[in-house]
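The primary structure of each chain is shown beneath.
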Amino acid sequence: MNQTRQQLVRTLREVDNKSYPAYKQLKGSYDMTDFTLIIEHVQGDPFASPSMLRVEVPTAKAAFPKELYDTDEKKTALEDRLLRLFSREIKKYSFQAKGSGKSGFMGAVIPGPEILKRTGCEISGNGTVLVRFEVGFPANGRRIQSRELEKMLIQFLPEVVLHTLYYDKTKEQQFRQVAELAEDQEFIRRELKKRKLVAFVANGAILPRESGISSRPMKNAVAFESPKSLEITLQLPNKGEVRGMGIPRGITMIVGGGFHGKSTLLKALEVGVYNHIAGDGREYVITDDTAVKLRAEDGRSIQKVDISMFINNLPNGKDTSCFSTADASGSTSQAANVVEAMEAGSSLFLVDEDTSATNFMIRDELMQKVVHRDMEPITPFSLRVRQLYETAHISTILVAGSSGSYFYQADLIIQMKEYCPEDITEMAKKAAMEFATPGQEEKAPKLSLPDFSRPRIWLRKPDVRDRVKMKVMGRDSISINKETIDLRYVEQLVDTGQLAGLANIVWYIRTHFLSENMSMTEAVNQTEELLKTFGFEKVCVGKVPGNLTIPRRQEIFACLNRWR
Ligand code: ADP
Ligand code: MG
């Protein structure tokens, strides 16, 4: 049962000047007339993580027109926008109330440029708007200052809710634009499939960022302009005609001199698996959403992965069809990354020569002549890339600045010249033919696809008696009960919320599916089903906090695979 706002005020005044734990009495739901306030978790002292709260605005009050959230993508986009508005507004009130430590803090998650499913804001099927946020309950030392909290909850909060979570006519255009962009982005994703493309980059897109640590678009950047031969025209439902470069399925090479923008294009394709907000510059850069960036990752652990399609006949006789190591080399790590991405259902690989292991990528002609094939355990990616496309239907986009080996394999060769792409396929192919000594190129050995039925007992059974302790170290890693999972090189993770989400998800998988005789794919499928239906409600440890993001399936696999 909800308590009234008067009861909230009364309890607040009762606990004034008492010792901090008296704040715990505030836990509960309050009817604030136009919305419900739920105090979900009360912090232990003013220096601990702030208290967890949420507001729920009933449909009648929020009053967002149904057509703003009647599809999945529109709903996610509206939730994303409301969270941005709410967090920007509540920030203005942060620390206006005073006290020790985090006293007076008010904040919600501030999203980056990607539009992702977050627990910070959720709209239910019937249109109730829920927002999760944090409040530092004020105290002087450990003595409660509840007059300050009264200001925050009774005065500030309703202002924030009023300004951000209620729809009215004056906001019509703003919200319509959000829904229209979401619809257009989804349209492009569908169109990619229909037209057998793996990516689309609109003319006019701004790909580079302001700096290595900023996600804002670079000012005065050279706007993207498709080569004529690759240009397609899309008729978007809202924006209308948009032209840009369509990259077909198959093997695409991006070449060009250093600093001409190759990696910048690839990076944009990597994050094109997500939708971006208006003004980002990459709104209409859309990539096959199963795409995985593959790189070398020296030192990672590998557990029972069949990497035999790339590495075989090791001198020590070690079996590579069920390969494990605590400290992988460049080539074995990249081989495992490829095989695990296949298991995770990727149909597009993105590779940058700069971050790859050379001996995994190529073996040049001279080396082939000197070191006989029988003496080389590695079958380089260059010999497998065509087979992967033809037998497993996985396309590859590869940046190569220094090696021409892939010219023979590529269906499409794009050269970046001063940030502008040119289609040089014909010319490059001709040069490659003239260069090759006929009959001399190495033939690819027969491909047998990897076996994904590995037993999963490598996941040691966790000690469930202990409370689980999860920590997120920025964009780099998570730790679960002091075991660290290094995610630095899982490059398509863009948001700390995804890491927080992953911590909960892999813990759930480990505690629920471990003992069952279940493949990793099946475990991930079942967990994704729960996430789809209930959000984090079932999967999360304890109360759902406001800082979780649902990661892609590919990153769930990547995280499980890196758990030592
Ligand atoms: P490459 O991989 O070809 O060596 P990069 O993609 O790393 O080149 O780009 C080199 C530099 O040029 C980077 O600092 C990047 O920010 C900048 N840059 C990339 N694309 C553009 C562009 N379209 N307009 C302006 N600067 C760009
Ligand atoms: Mg580069």
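As a starting point, this report considers the structure included with it. Worth saying up front: this structure is predicted, and the values here are computed from it rather than measured.

Each value, and the rule that gives it
- Counting starts from 1 at the beginning of each chain's written sequence and moves along it residue by residue.
- To label them, take the chains in the order written and letter them from A, then take the ligands in the order written and number them from 1.
- Two thresholds apply to this predicted model, a pLDDT of at least 70 for residue-level local features and 80 or more for giving and counting side-chain atom pairs, whereas whole-chain, interface and lining totals are computed over all residues.
- Each side-chain value is worked out from all heavy atoms of the structure, with water and hydrogens disregarded.
- For Na, K and Ca the donor cut-off is 3.2 Å, and for all other metals it is 2.8 Å, counting N, O and S atoms only; because water is absent from this set, sites may look incomplete.
- By definition, any uninterrupted DSSP run of H or I lasting at least four residues is a helix, any uninterrupted run of E lasting at least two residues is a strand, and each is numbered from the N terminus.
- When a residue's accessible area, from a 1.4 Å probe over protein chains only, is under 20% of the maximum for its type it is buried; when over 50% it is exposed; and in between it is partly exposed.
- A pair is scored as a salt bridge if a Lys or Arg side-chain nitrogen falls within 4 Å of a carboxyl oxygen belonging to Asp or Glu.
- A fitted line through C-alpha atoms serves as each axis, taken over the contacting stretch for helices, and the angle formed by two N-to-C directions is quoted from 0 to 180°.
- For classification, angles of less than 35 degrees are called roughly parallel, those exceeding 145 degrees roughly antiparallel, those between 65 and 115 degrees roughly perpendicular, and all remaining angles oblique.
- Left-handed describes a crossing whose near helix is turned anticlockwise from the far helix through less than a right angle; right-handed describes the clockwise counterpart.
- Note on contacts: a residue pair is in contact if any heavy atoms of the two residues lie within 4.5 Å.
- Put simply, Ala, Val, Leu, Ile, Met, Phe, Trp, Tyr, Cys and Pro go in the nonpolar bin, Asp, Glu, Lys and Arg in the charged bin, and everything else, Gly too, in the polar bin.
- Here a pair means two rings of Phe, Tyr or Trp (six-membered ring of Trp) with centres within 6.5 Å. Their orientation is stacked below 30 degrees between planes, edge-to-face above 60, and tilted elsewhere.
- In this analysis the charged atom, NZ for Lys or CZ for Arg, is taken to sit over a ring once it is within 6 Å of the ring centre and within 35 degrees of the ring normal.
- Proximity criterion: a residue is near a molecule or strand once any of its heavy atoms comes within 4 Å of it.
- Each polar contact in these results corresponds to two N or O atoms within 3.5 Å; when the atoms are within protein, one needs to be able to donate a hydrogen and the other to accept it, and residues that are neighboring in sequence are counted only if both atoms are side-chain atoms.
- In this description, accessible areas are obtained by the Shrake-Rupley approach with a 1.4 Å probe, and a residue is regarded as covered only by the protein chains that are shown.

### Re the coordination of the magnesium ion (ligand 2)
Donor atoms from the polypeptide that coordinate the magnesium ion (ligand 2) comprise Ser 263 (OG) and Asp 354 (OD), at 2.1 to 2.6 Å from the metal. Of this pair, Ser 263 sits in helix H6 (residues 262-271) while Asp 354 sits in the loop between strand S20 (348-352) and helix H8 (358-361), placing them 91 residues apart in sequence. Look at Ser 263 and you get partly exposed, because its relative accessible area is 34%.

### Considerations on the pattern of salt bridges
If charged atoms from side chains of opposite charge come close, those side chains can pair. Tallying each qualifying case throughout the model produces 40 salt bridges. The shortest N-O distance in the salt bridge between Glu 210 and Arg 216 comes to 3.7 Å. Owing to a relative accessible area of 54%, Arg 216 belongs among the exposed residues under this scheme. Arg 510 is the salt-bridge partner of Glu 483, the closest N and O atoms lying 3.6 Å from each other. One end of the pair, Glu 483, is in strand S26 (residues 483-486); the other, Arg 510, is in helix H12 (residues 496-512), and 27 residues separate them in sequence. Take Glu 483: its relative accessible area is 25%, and that puts it in the partly exposed class. We classify Arg 510 as buried; its relative accessible area is 3%. Sharing partners across several salt bridges, the network here consists of Lys 267, Glu 270, Lys 293, Arg 295 and Glu 491.

### Describing the packing of H12 against helix H14 (residues 553-561)
Running from amino to carboxyl end, H12 crosses H14 at an angle of 65°, the nearest separation of the two axes being 10 Å. By the angle between their directions, the pair H12 and H14 is classed as roughly perpendicular. The interaxial crossing formed by H12 with H14 has right-handed handedness. Contact with H12, carried on its side by Leu 502, Ile 505, Val 506 and Ile 509, involves Glu 555, Ile 556, Cys 559 and Leu 560 of H14 and no other residues of that element. Along the lines of polarity and charge, the residues of the contact of H12 with H14 split into seven nonpolar, no polar and one charged.

### A few points about the packing of aromatic side chains
Counted by the stated rule, this structure contains eleven aromatic pairs. Members of the aromatic cluster, connected to one another through ring pairs, are Tyr 20, Tyr 23 and Phe 137. The aromatic ring of Trp 563 is capped on one face by Arg 510, whose charged end is 4.0 Å from the ring centroid. Above the face of the Phe 534 ring, Lys 538 is positioned so that its terminal group lies 3.9 Å from the ring centre.

### So, the site of ligand 1
Around ligand 1, 13 residues are found, and the nearest of them are Val 222, Phe 259, Lys 262, Ser 263 and Thr 264. Note that a nitrogen atom of ligand 1 is positioned 2.9 Å from one of the backbone N or O atoms of Val 222. Within the backbone of Gly 261, a nitrogen or oxygen atom sits 3.1 Å from an oxygen atom of ligand 1. In the complex, the protein chains occlude 74% of the 560 Å² of accessible area that ligand 1 would expose alone. Here the shell around ligand 1 is built from residues that sort into six nonpolar, six polar and one charged.

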